[in-house]
Amino acid sequence: MSTDVAHEEHHHGPPKGIGRWLFSTNHKDIGTMYLTFALTMLFVGGASAMYIRAELFMPGIQFMEPDFYNNMVTNHALIMVFAVVMPAAAGLANWMIPMMIGAPDMALPRLNNLSFWLLPAAAVMLILSTIVPFMPGTGTAVNTGWTLYPPLSIQAGMGMDFVIFTVHILGVSSILASINIVVTILNMRAPGMTLFKMPMFCWAWLFTGLLLIIIAPVLAGGVTMLLFDRHFGTSFFDAAGGGDPVLFQHLFWFFGHPEVYVLLLPSIGVIAMIIPTFSRKPLFGYKSLVGGMAVLFTLGLVAWAHHQYTVGMAAGPTTWFMIITILISIPVGLMLLNFMMTMWRGAMTFETPMLFAVSIVLMFSFAGVTGIMLAVVPADLEYHDSMFVVAHFHYALIPGALLGLFAAAFYWLPKWTGNMYDERLGKIFFWWNVIAFNLTFFPQHFYGLAGMPRRIVDYNPAFADLNMLSSIAAFAYGISHLLFLYIVIKTVKGGVKAGNKPWEGAQVGTTGLEWDLSSPPPFHSYATPPVVK
Amino acid sequence: MSVPEKREKTGQNKNRKTTLILGLIVVGMFGFGFAMVPLYRLVCNATGIGISGSSGTGRIVDSSTTKVQKDRWVTIQFDALLNENLRWDFYPEVKKINVHPGQSYEVSYYAKNKTDHKIVAKAVPGITPWQAATYFHKTECFCFTQQTMDAGEGRDMPLKFVIDPALPEDIKILTLSYTFMDTNRESIRDTREVELPVSVKHEG
């Protein structure tokens, strides 16, 4: 290839028409597609959450069959985890990592295209899994919850096969995306950009990618065994044939627990970029935060069975998993201290991304405290499968993952679009969203501890008042996301020009190279690598 | 070859190598998932950390060499359960017996196929407390093999066992439980859709 041709290629604009998106190998376009897909699915997953809260508005069965209710629970979880948070985090990685480390694109651009386009196919399969059980002769709905435990998942109807293949496709997609991101971070850094000069977001994604590469294949194996048990007469999980249903729980949670960190770490990376910017101070303890993530990575891989305390494990392993789980609070606490020390005596301002970041530090700590309660075996035997657990993991995953993604969107929207978002609307969105979130989930701690079980369509009338509060707040919480959609559309369409460095503090400490580019950045950036001093 | 081209080439080779390594990890972890099937059982049996109320060792021991503790009594309770997919009668002949550790005993369970077709079923054992599981040795058990019964057939099924004299002193009562299940997979799904026969309903 002559250098002239290469030169030409690197400077023309994006291709026209639908082909730009279908055949895209451009990291910015693929990032945009990931983010758009995630935002779309947020409303689909949110709709099933609204269904759940509408049913729980009053005791008694209002307008849902119990099986369908449980199908909604399954859908809500699978969509939010696999089709919202993970794609959104992958979208951020696509957009930001090459610009941050001064690479022209991702290391494997065609693989990048494939890993995105698998997602819409998986989403269609997942939605079909809910529709199929309405056809005659297809058996029961997917009433297992996202954990897909046998023997119920072996007995469930055809919808379960759709879910199994959805998990396969999503697994392949996230493995390919992770390989791509890890290779990019390891090999594509600009000269002089050593690992310890990388922005924290890249470190966070390095650990996330490695985690996914380790855990996603195990889930794929587990659901494959499930498929074989359902259709090919094997007995991996069937006690009558010599199998063990608890084995599936181990396989699932070997994936499922580190998955929590897969959801969490990208957002930790995001707020590790935002808090220094708006505190106008370098990040406190850069290396200790990297170390904290490494410890979290390691401990996270060997703590899985704390989801199975009540399954009847012997005292020895139960104690091991309890100790490891409680140990996890040390690196997580360290991260939160890093953030607080960064803010300490900083010249803080509270633009929307910073509001989200500060609220995350506060609300995620709260999830950490309930997490320690749940980690203690004798206490957990009481809390297990109650609404208290629901409150705990929504406090962990909404601030820990989703709000971090919103923060990222507000932080980088000016860079992506070249326009500032409407700060007043952003602040309204923040307060509306966070207050409604707390009103929805905080009461669940109380009626959970009082004995309301999760995943059951009906409940004791004693819990009626607080459930009504939860439901009303949940509707307000759901609607608030339409405002977010409006803000994004408005920003894309126009607004005050942002300039290359929309945030005055963004050049403090260890930051990426994205602020050296124009806003919006050119279609092809850093074709010749910049040199980092 | 010009310098930028050379750099691009080595960069691509490096990417290919890293991708290959990561791909191998993926394949390895997929295999690890399946390796968990035998490993899970091995680890549990080897270390005794298995499931509480697990099935016991089922090992065949030579009872003639073990010393009988004539001055010590242990109560064994027998329990019988049926999986929802199996329409059989199933109960122990005796509810409980007192035994000396080290001595061999024989009891029996009775099972009857109440349906109008042949059924192959399997009994899955469980022992509580779980700490006792490794000290409960079965020399003969209907749970070792699958049991086939024709329509309406019923029979006694023997169980021979020895309690290991090393059983911890504080364990005085031991419960042995069996759950019988139909090995035919289709029947599992049937139970959710098929109406139970009238005779079964009346027994409720």
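The rules behind the values
- Residues numbered from 1 in each chain as written.
- Chains lettered and ligands numbered in written order.
- Predicted model: local features only at pLDDT ≥ 70, side-chain atom pairs only at ≥ 80, totals over all residues.
- Heavy atoms only, no water.
- Helix = DSSP H or I, 4+ residues; strand = E, 2+ residues; numbered from the N terminus.
- Rg over C-alpha atoms; globule rule 2.2 N^0.38 Å.
- Buried < 20%, exposed > 50% of the residue type's maximum accessible area, 1.4 Å probe, protein only.
- Contact = heavy atoms within 4.5 Å.
- Areas by Shrake-Rupley, 256 points an atom, 1.4 Å probe, with all protein chains shown as cover.
- Lys, Arg positive; Asp, Glu negative; His and termini not counted.
- Charge placed at Lys NZ, Arg CZ, Asp CG, Glu CD.
- Pairing = 2+ DSSP bridges.
- Axes fitted to C-alpha atoms, helices over the stretch in contact; angles between N-to-C directions.
- Buried area = accessible area lost by both parts, 1.4 Å probe.
- Salt bridge = Lys/Arg side-chain N within 4 Å of Asp/Glu carboxyl O.
- 1 Å grid on protein atoms, 1.4 Å probe; cavity = no way out; pocket = protein on both sides within 12 Å on 5 of 7 lines; lining within 4 Å.
- Points joined across faces, edges and corners; volume = space filled by probe spheres on them.
- Nonpolar A, V, L, I, M, F, W, Y, C, P; charged D, E, K, R; others polar.
- Core = buried A, V, L, I, M, F, W, Y, C linked by side-chain atoms within 4.5 Å.
- Disulfide = S-S within 2.5 Å.
- pLDDT = per-residue confidence, 0-100.
- Phe/Tyr/Trp six-rings, centres within 6.5 Å; stacked < 30°, edge-to-face > 60°.

As a further point, take the overall build of chain A. Helix and strand content of chain A: 17 helices and zero strands. Relative to the compact-globule value of 24 Å for 533 residues, chain A shows a C-alpha radius of gyration of 23 Å, a close match. Each of the 533 residues in chain A was classed as buried or not, and the buried ones make up 62%. Taking contacts inside chain A between residues at least 6 apart in sequence as the whole, the part at least 24 apart equals 82%. Accessible area of chain A: about 19100 Å², with a carbon and sulfur share of 73%. Of the side chains in chain A, 22 bear a positive and 24 a negative charge, and the two mean positions are spaced by 16 Å.

Looking now at the overall build of chain B. Scanning chain B from terminus to terminus reveals three helices and nine strands. If you list the helices and strands of chain B from N to C, you get α-β-β-β-β-β-β-β-β-β-α-α. Residue pairs in contact within chain B that sit at least 24 positions apart in sequence constitute 77% of those at least 6 positions apart. Accessible surface computed for chain B: about 11700 Å², of which carbon and sulfur atoms make up 56%.

With that settled, consider the sheet that holds strand β4 (residues 104-113) of chain B. All names here are of chain B. One open sheet accounts for four strands, arranged β2-β4-β8-β6; its pairing is antiparallel. Of all the strands in the sheet, just β2 (88-92) and β6 (136-141) have a single pairing partner and so form its edges. On average, each strand axis in the sheet is tilted by 25° relative to the strand beside it, whichever way the strands run. In this sheet, β4 lies alongside β2 in antiparallel orientation, the contact comprising five bridges. Bridged to W88 within β4 is N113.

On to unusual backbone geometry, then. Residue and element names in this part refer to chain A. Geometrically, the link from P150 to P151 is a cis peptide bond, its omega value of 5° lying close to zero. As for its placement among the helices and strands, P151 is situated in the loop between α5 (109-131) and α6 (152-155). Between S519 and P520 the backbone carries a cis peptide bond, its omega angle lying at -10°. Structurally, P520 can be placed in the segment after α17 (464-493). If you check the backbone angles, L148 has positive phi at about 55° while not being a glycine. Looking at where L148 falls in the secondary structure, it is placed in the loop between α5 and α6. With a relative accessible area of 2%, L148 lands in the buried category. Unusually for a residue other than glycine, R455 sits at a positive phi of about 60°. The topology assignment puts R455 in the loop between α16 (423-449) and α17.

With that out of the way, let us pick up the interface of chain A and chain B. For interface size, the figure often reported is the accessible area lost on association. Between chain A and chain B, the contact holds 49 residues from the first and 35 residues from the second. When chain A packs against chain B, the two sides together hide about 3500 Å² of surface, and 66% of this comes from carbon and sulfur. Of all residues in chain A, the largest losses of buried area upon contact with chain B belong to Q155(A), N187(A) and A240(A), amounting jointly to 17% of the total for that side. Linking chain A to chain B there are zero salt bridges.

Let us look at empty space enclosed by the protein. Residue and element names in this part refer to chain A. Scanning the model with the defined rule gives three cavities of 30 Å³ or more in all. Of the pockets and cavities examined, the largest cavity occupies roughly 140 Å³. Surrounding the largest cavity, 16 residues form its lining, M86, P87, A90, S173 and S174 being those nearest its centre. Those elements giving two or more residues to the lining of the largest cavity turn out to be α4 (66-101), α7 (159-187) and α8 (200-231). Considering only residue class, the lining of the largest cavity consists of twelve nonpolar, four polar and no charged.

Turning to the nonpolar core, a few remarks are in order. If you look at the biggest cluster of nonpolar residues, it comprises 175 residues, and the most contacted ones within it are M200(A), F201(A), F339(A) and W412(A). Sequence-distant contacts of M200(A), defined by excluding residues within four places in its chain, comprise G269(A), A272(A), M273(A), L283(A), Y286(A), L289(A), V290(A) and M293(A). Counting 31 residues, the second largest nonpolar core, distinct from the first, contains Y105(B), Y109(B), A132(B) and C143(B).

Residues and elements named next belong to chain B. Read across the sheet, five strands follow the order β3-β1-β9-β5-β7 without closing on themselves; strand pairing throughout is mixed. Lying at the two open borders of the sheet, with one neighbouring strand each, are β3 (96-99) and β7 (147-149). Taking the axes of each pair of neighbouring strands and ignoring which way they run, one obtains an average angle of 30° across the sheet. Relative to strand β9 (residues 173-182), strand β5 (residues 119-128) runs antiparallel, the two sharing eight bridges. The residue bridging K122 from the neighbouring strand is M181, located in β9.

Attention shifts here to the environment of T138(A). All names here are of chain A. Structurally, the position occupied by T138 is in the loop between α5 and α6. For T138, a relative accessible area of 11% gives the class buried. Sequence separation of T138 and F364 is 226 residues, and the distance between their C-alpha atoms is 42 Å. Contacts of T138, omitting those with residues within four sequence positions, involve V132, P133, G157 and M158.

Below, the discussion takes up the state of the cysteines. Throughout this description, disulfide means a covalent bond between two cysteine sulfur atoms. Residues and elements named next belong to chain B. Following the criterion strictly, the structure yields one disulfide over all chains and no others. Here C141 connects covalently by a disulfide to C143, the sulfurs 2.2 Å from one another. Judged by the sign of its S-S torsion, about 130°, the bond between C141 and C143 is right-handed. C143 shares its class with C141; the two are buried.

Moving on: the confidence of the model for chain A. Looking at chain A as a whole, the pLDDT averages 92, with 97% of positions reaching at least 70. Confidence over residues 1-9 of chain A falls short of pLDDT 50; this stretch has three contacts with residues more than four positions distant or in other chains.

For the rest of this paragraph, the subject is the confidence of the model for chain B. All names here are of chain B. Of the residues in chain B, 75% reach a pLDDT of 70 or more, and the chain-wide mean stands at 78. Predicted confidence is poor over residues 51-61, with pLDDT under 50, and the contacts of this stretch with residues over four places away or in other chains come to 35 contacts. pLDDT under 50 marks residues 189-204. Its contacts with residues more than four places away, or in other chains, come to 17 contacts.

Attention shifts here to the packing of aromatic side chains. Residues and elements named next belong to chain B. With the rule as written, the count across this model stands at 64 aromatic pairs over all chains. Relative to F180, the ring of W88 has its centre 5.1 Å away and its plane inclined at 50°; by these criteria the two rings are tilted. Of this pair, W88 sits in strand β2 while F180 is found in strand β9, placing the two residues 92 residues apart along the sequence. Comparing W88 with F180, the two get one shared label, buried.

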